[in-house]
Amino acid sequence: DAKVRGAGFRVQTEDRKFREYIETHTPILQMEGITKIYFAVISSTFTEDDLSRASEIVRVTAAKACVFLQADALVNMVEMKVRDPLKFDLEKIERIFLHTKIVTPKDLPK
């Protein structure tokens, strides 16, 4: 799903849609052998106020965490992978997704 928002992302009533998405796709992913399920929302900015709703999504679904990933952090991750694929440490990247939080470029491994 993609939307344009000038003031950044706010969960508001999207949490129901997120829960439904996770509940719909989790069985399919598990049948494919995927056991670690994380949910990420990507936007230019987020507000700390929405983290409680993200925590609730984790509490009621199979997702291990719900990460609010700033778009500039995602771009930086892609650049890291393209620039030096042999040094790209997927385990370090996965650690970023272990906890429900807002992920900014400062959270990325150096």
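The text that follows walks through the structure, step by step, so that each part is easy to find. Counting of residues starts from 1 at the beginning of each chain's written sequence and follows it residue by residue. Thresholds applied to this predicted model are a pLDDT of at least 70 for local features of residues and 80 or more for the giving and counting of side-chain atom pairs; totals over whole chains, interfaces and linings are not thresholded and use all residues. Only hydrogens and water are removed before side-chain values are computed, so all heavy atoms of the structure are retained for them.

1. Considering helix α2 (residues 51-60)
Now for step 1: Residues of α2 that are buried: L51, A54, I57 and V58. End-on view of α2: buried residues confined to an arc of 110°, all on one side of the axis. Residues of α2 that are exposed and point more than 90 degrees away from the buried face comprise S52 and R59.
Now for step 2: Here, two residues are considered to be in contact whenever any of their heavy atoms come within 4.5 Å of each other. Only DSSP runs of H or I covering at least 4 residues are called helices, and only runs of E covering at least 2 are called strands; the numbering of each starts at the N terminus. Looking at the buried residues of α2, the elements they touch are α1 (14-31), β2 (65-70) and β3 (102-103). A 1.4 Å probe rolled over the protein chains alone gives each residue an accessible area, and that area as a share of the maximum for its type sets the label: buried under 20%, exposed over 50%, partly exposed in between. The arc in question is formed by the directions pointing from the helix axis toward the C-beta atoms.

2. A look at the packing of aromatic side chains
Now for step 1: Ring pairs shown here join Phe, Tyr and Trp side chains whose ring centres sit within 6.5 Å, with only the six-membered ring taken for Trp; geometry is labelled stacked below 30 degrees between planes, edge-to-face above 60, and tilted in between. Per the counting criterion, the structure on display carries 3 aromatic pairs.
Now for step 2: On the basis of an interplanar angle of 55° and a centroid distance of 6.1 Å, the ring pair of Y21 and F39 is categorised as tilted. Here F39 lies in strand β1 (residues 38-43) and Y21 lies in helix α1, a separation of 18 residues in the sequence.
Now for step 3: Overall, Y21 belongs to the partly exposed group, its relative accessible area being 47%.
Now for step 4: A network of ring pairs unites the aromatic residues F18, Y21 and F39 as a single cluster.

3. Considering the layout of surface pockets
Now for step 1: Within this scheme a cavity is a closed region of a 1 Å grid, computed over the protein atoms alone, that accommodates a 1.4 Å probe without allowing it to escape, whereas a pocket is open but has protein on both sides within 12 Å along at least five of seven lines; lining residues each have an atom within 4 Å of a point. Grid points are joined across faces, edges and corners, and a volume is the space filled by probe spheres set on the points. A volume near 180 Å³ is recorded for the second largest pocket.
Now for step 2: Around the second largest pocket sit M80, R83, D84, K87, F88, D89, K92, I93, P109 and K110, which together line it.
Now for step 3: Those elements giving two or more residues to the lining of the second largest pocket turn out to be α3 (71-83) and α4 (90-96).
Now for step 4: For this classification, Asp, Glu, Lys and Arg are treated as charged, while Ala, Val, Leu, Ile, Met, Phe, Trp, Tyr, Cys and Pro are nonpolar and the rest, including Gly, are polar. Tallied by class, residues from the lining of the second largest pocket come to 4 nonpolar, no polar and 6 charged.

Shape descriptors only; they carry no functional weight alone.
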